Amino acid sequence: MFNEFYRCIAIDHDLRLVFLAAAICAFACYTTINLVLRAEETTTTTRTRWLLLTAMASGVGIWATHFVAMLAYDVGLPKSYDLVPTILSGLIAMGLAGTGFATFLNHNSKGHLIAGAAVICIGIAAMHYTGMAGLRILGVTSYTPSWIMLSFVIGFVGSISTLALYRRFSGIKRQVYAGSALTLTICGLHFTGMTALSIEPNPTVTIGAGALSDSVLAIFVTLATFLILTLSLIGATVDRHLAERRSQETRRLRGLANAALEGIVLLDAEGKIVDANYSFLGLCGRHLATLKGMSFSVCFQNLRFDASVRSAGYAGDAVLIATEAREIPTEVFFRPVPEHTDATMVAIVRDIRERQTAQQQIDYLSRHDNVTGLANRLLVSHRLEHSFALAKKARRKVALHFIDIDSFNDLNARLGHAGGDEVLKAVAGRIKEAAREIDTVARLSADQFCIIQEDIESSDGADFLALKAKQTLTRPITVKGETLNITACTGIAMYPEDAQDPEDLLIRAEIAMKRAKGEGTGQYNFFEHAIDEKLEERRQLKRDLEGAIERGELFLVYQPQHLVRDEALVGFEVLLRWKHPEKGMISPAEFIPMAEETGIINEISNWLLNEACQEAASWEVPVSIAVNLSPVQFLEDGLVNVVQRKLHKYGLSADRLEFEITEGVLITDGDRALKILNDLKSLGIRLAMDDFGTGYSSLSYLQNFPFDKLKIDRSFVMRMAESKHSAGIVKGVIGLAHGLGIPVLAEGVETTTQLEMLKASRCDEVQGFLLGRPQPIRHYLRQVGLRQSYSDQRA
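Residues numbered from 1 in each chain as written. Predicted model: local features only at pLDDT ≥ 70, side-chain atom pairs only at ≥ 80, totals over all residues. Heavy atoms only, no water.

Visitor: Before we move on, could you go through the packing of helix H1 (residues 2–10) against helix H7 (residues 171–195) and cite the residues and values that matter?
Guide: Contact pair H1 / H7: the axes reach a minimum separation of 9 Å and the direction vectors enclose 105°. When the axes of H1 and H7 are compared, the pair comes out roughly perpendicular. Between H1 and H7, the contacting residues are Glu 4, Phe 5, Cys 8 and Ile 9 on the first element and Phe 191, Thr 192, Met 194 and Thr 195 on the second. Here the contact of H1 with H7 is composed, by residue class, of 5 nonpolar, 2 polar and 1 charged. (Axes fitted to C-alpha atoms, helices over the stretch in contact; angles between N-to-C directions. Helix = DSSP H or I, 4+ residues; strand = E, 2+ residues; numbered from the N terminus. Parallel < 35°, antiparallel > 145°, perpendicular 65-115°, else oblique. Contact = heavy atoms within 4.5 Å. Nonpolar A, V, L, I, M, F, W, Y, C, P; charged D, E, K, R; others polar.)

Here it is as structure tokens:
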């Protein structure tokens, strides 16, 4: 077989023309690989043009190689070529070779590579055998099937090798290796196909007139081949140089874009991201590969991206959603992009965080005092308007406390401006300490401050805050080595009773402050439209309460507490009563707030604790004694020491004393309250959460504070039989407390039905009229194992 192949090339062909055909083939293949590379580098729009050039270069190269090699074919017989098959073979080569390379470039997969190689192989073989069909020679032609089959195998294997080498290598190696493989494929298929040809001389065969002679064909093929291939090569080379220049320009422009502080994003006609600079990628914290193809508007929270905005060129402020859900305020502009293949618009994204921070700082300085950092008068007006709206909606009240430092001008003159500023800062800190977090503390002028106290139910809340602020301010401060006792007078005006307008409320609070100034230092007063009988009566009661202990008008009553399971006595709750000499019995709900407002609650509480401990210590039955703690008591230092001294003085076991704590004790200063309660707990005193369920944050108190008992408010217990909701709340609270290991006492038990329902709900203890009314201890002598109470003995 090899001898036949050798004889075909060496004897039947002119080797000079064979080498010429090989050179033409190599030139055509090198040009083809360059054009394929160019087609692959371009976008879809321009790839078609380069594939057409690839089809022409490869098709003409195959065609020219074939016919130059046919010129070299000489078996001693005259020959010529029909025009139609000759031209048709060239068209077939261009069409199938171009289709094969297009299939190969369509997708980077093994399947496309094999399919493309198969089409290229068919194109080379079809061109060869179509061209051979146009051969006219004085003889009878025949073909050996095995050689034909071998030519197809060489064509297919060679085509696969060509495309595989193209994929595997890059640069000059790709051009050399792939071009050489394609050259060997074309030449191998041609000369294998020629080996398959056998010619039997026959003088009777005629050559048709008008056929192309060898000399004409040689000139035509040579000129056409070199002309087309030269033009293709020149075009490819020029385009590569232009592409390199465009690439350099693109790199230069990208460098400029990446150096820009603003984010620059190229968008297509649909608003999808085509490209972006480093500033934008850094701003949103994403890679370009992630952003490509993503809608630009998806990156923002509130971006206006309609056609009118894009044509106007300014979209305004928008929030960029970066990685980790970071929200970055930005400013976005749009500009059209002329003469760009993919992008039609550029978006400029400007980070405005620093600008906003500067603006916020300016706004802050315009609304705050530069000495104390408190809100200024301008901000007070805005806050009052806001608090009025909230109070009106919630049917609550707002109190404005107008605070004026006593004798500040004298202090300022003595200490100097720097010392005066230190005093102002200290006073500001004390006022903030007294106020709640939701309250607004402001400096109105040189020595005048105010507190906007929001969300209160009545003027009692304002009274409580004024007292607290007064006590806080009276603590000495040290300025320039000098200890100062600062006092201030406060005027309080209420919304909506006293004024409906912020300025009017400020004026009326100032009027009340001036009236307090007239009463002396460290005073506070409410604004009053007129001193009606009720207000005067209340103030008179406050004054009467101040001497009630000395006059013996205050006394204690005791209400028993029983176990639910067997109704055994476990303790008493001690309650305070006031019998006014003229008005008779005054409700604790009325006079205890008065005591807190005037500050004598501490004196009364100490008296109550002393009496209760002394009485309980005299009982033979060691049941517990429960005492209510006032919120104001927690404002006084030394509570724990006072309690410890009382227990030691009367020899009362600490585990018999129980303090009942209401939400008001805890809400004032949670951290301080927790410390005091832990200190009491360390003495062995038991702690009970009183009126559970009426406050808004009772659950958090159970979690954060060390309670030994939970008392369900009487309002729920009294409605248990009539209200499923109340019964459900009671049952739920009992279950919650038991889940935390806390026993439960229900207050206000007045009927056997309520008692049975509590027993069914596994309540631990009960207290109410059904089992015992609040009475002097002499009514319960038998229960505590005495013939006469200590208080009766003393009397």
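Here the narrative resumes.
Visitor: Go over the nonpolar core with me, naming the residues and quoting the values.
Guide: The biggest cluster of nonpolar side chains holds 74 residues, and the ones touching the most others in it are Leu 545, Ile 625, Phe 659 and Leu 666. Examining the composition of this core, we find that 7 residues originate from one element, helix H19 (residues 601–617), more than from any other. Residue contacts for Ile 625: discarding those within four places in its chain leaves Tyr 558, Phe 572, Val 574, Ala 612, Ala 616, Trp 619, Leu 652, Arg 656, Leu 657 and Glu 658. Ranked by size, the runner-up nonpolar core spans 50 residues in total, among them Ile 24, Tyr 81, Ala 93 and Met 127. (Core = buried A, V, L, I, M, F, W, Y, C linked by side-chain atoms within 4.5 Å. Buried < 20%, exposed > 50% of the residue type's maximum accessible area, 1.4 Å probe, protein only.)

Visitor: Which residues make up the packing of aromatic side chains, and what are the values?
Guide: In total, this model carries 17 aromatic pairs according to the counting rule given. Aromatic side chains Tyr 558 and Trp 619 sit 6.1 Å apart centroid to centroid with 70° between the ring planes, which places their arrangement in the edge-to-face category. Of this pair, Tyr 558 sits in strand S17 (residues 554–563) while Trp 619 sits in the loop between H19 and strand S20 (624–628), and the two are 61 residues apart along the sequence. Take Tyr 558 and Trp 619: they sit in the same class, and that class is buried. Here the aromatic cluster, defined as three or more aromatic residues joined through ring pairs, consists of Phe 280, Phe 296, Phe 300 and Phe 334. In this structure, Arg 174 is placed above the aromatic ring of Tyr 166, and the distance from its NZ or CZ to the ring centre is 4.4 Å. The ring centre of Phe 769 lies 4.2 Å from the NZ or CZ of Arg 773, which sits over that ring. (Phe/Tyr/Trp six-rings, centres within 6.5 Å; stacked < 30°, edge-to-face > 60°. Lys NZ or Arg CZ within 6 Å of the ring centre and 35° of its normal.)

Visitor: Could you give an account of the environment of Ala 126, with specific residues and numbers?
Guide: Position of Ala 126 among the secondary structure elements: in helix H5 (residues 110–133). It is 7.3 Å that separates the C-alpha atoms of Ala 126 and Ser 89, two residues lying 37 residues apart in sequence. Residue contacts for Ala 126: discarding those within four places in its chain leaves Ile 92 and Leu 96.

Visitor: Please give an account of a negative patch on the surface that cites residues and values.
Guide: On the surface, a cluster of negative charge is made up of Glu 385, Asp 501, Glu 503 and Asp 504. Mapped onto the secondary structure, Glu 385 falls in helix H13 (residues 377–394). Glu 385 sits in the partly exposed class, given a relative accessible area of 49%. (Patch = residues over 30% accessible without salt bridge, like charges linked within 9 Å, V, L, I, M, F, W, Y side chains within 5 Å. Areas by Shrake-Rupley, 256 points an atom, 1.4 Å probe, with all protein chains shown as cover. Salt bridge = Lys/Arg side-chain N within 4 Å of Asp/Glu carboxyl O. Lys, Arg positive; Asp, Glu negative; His and termini not counted. Charge placed at Lys NZ, Arg CZ, Asp CG, Glu CD.)

Visitor: Before we move on, could you go through the sheet that holds strand S11 (residues 440–445) and cite the residues and values that matter?
Guide: The strand order S11-S12-S10-S15-S16 describes an open sheet built from 5 strands, whose pairing is mixed. The open sheet has two edge strands, S11 and strand S16 (524–526), and neither has a second partner. Averaged over all pairs of adjacent strands, the angle between their axes in this sheet comes to 20°, without regard to strand direction. Direction of pairing for strand S10 (residues 397–405) relative to strand S12 (residues 448–456): antiparallel, over a ladder of 7 bridges. Bridging from a neighbouring strand, His 401 pairs with Ile 451 of S12. Here helix H16 (residues 502–518) sits on the sheet in contact with S10, S11, S12, strand S15 (488–495) and S16, set at roughly 145° to S15. (Pairing = 2+ DSSP bridges.)

Visitor: Requested: an account of the state of the cysteines, with residues and values cited.
Guide: With the rule as written, the count across this model stands at 0 disulfides. Unpaired in terms of disulfides, Cys 25 finds its nearest cysteine sulfur in Cys 29, a separation of 3.9 Å. Here Cys 25 falls in the buried class, since its relative accessible area comes to 0%. (Disulfide = S-S within 2.5 Å.)

Visitor: Give a detailed account of the pattern of salt bridges, specifying residues and quantitative values.
Guide: Counted under the stated rule, the structure contains 31 salt bridges. Arg 443 serves as the salt-bridge partner of Asp 369, at 3.1 Å between the closest nitrogen and oxygen. Of this pair, Asp 369 sits in the loop between helix H12 (353–367) and H13 while Arg 443 sits in strand S11; the two residues are 74 residues apart in sequence, bridging distant segments of the chain. Accessibility expressed as a relative area gives 13% for Arg 443, which makes it buried. Lys 542 is paired through a salt bridge with Glu 597; the nearest N and O atoms lie 2.6 Å apart. On the criterion of sequence distance, the pair formed by Lys 542 in helix H17 (residues 533–545) and Glu 597 in helix H18 (residues 588–598) is long-range, its members being 55 residues apart. For Lys 542, a relative accessible area of 15% puts it in the buried group. For Glu 597, a relative accessible area of 4% puts it in the buried group. Through salt bridges that share partners, Glu 262, Glu 331, Arg 350 and Arg 355 make up one connected network.

Visitor: Any details on the packing of helix H2 (residues 15–41) against helix H6 (residues 145–168)? Residues and values, ideally.
Guide: The description of two helices packed together rests on the angle between their axes and the distance between the axes. Running from N to C, H2 and H6 cross one another at 55°; their axes reach a closest spacing of 12 Å. The angle between the axes of H2 and H6 places the two elements in the oblique class. When the axes of H2 and H6 are compared, the crossing they make is right-handed. Residues Ile 33, Val 36, Leu 37 and Glu 40 of H2 pack against Thr 162, Tyr 166 and Arg 167 of H6. Grouping the constituent residues of the contact of H2 with H6 by class yields 4 nonpolar, 1 polar and 2 charged. (Left-handed = near helix turned anticlockwise from the far one by under 90°.)

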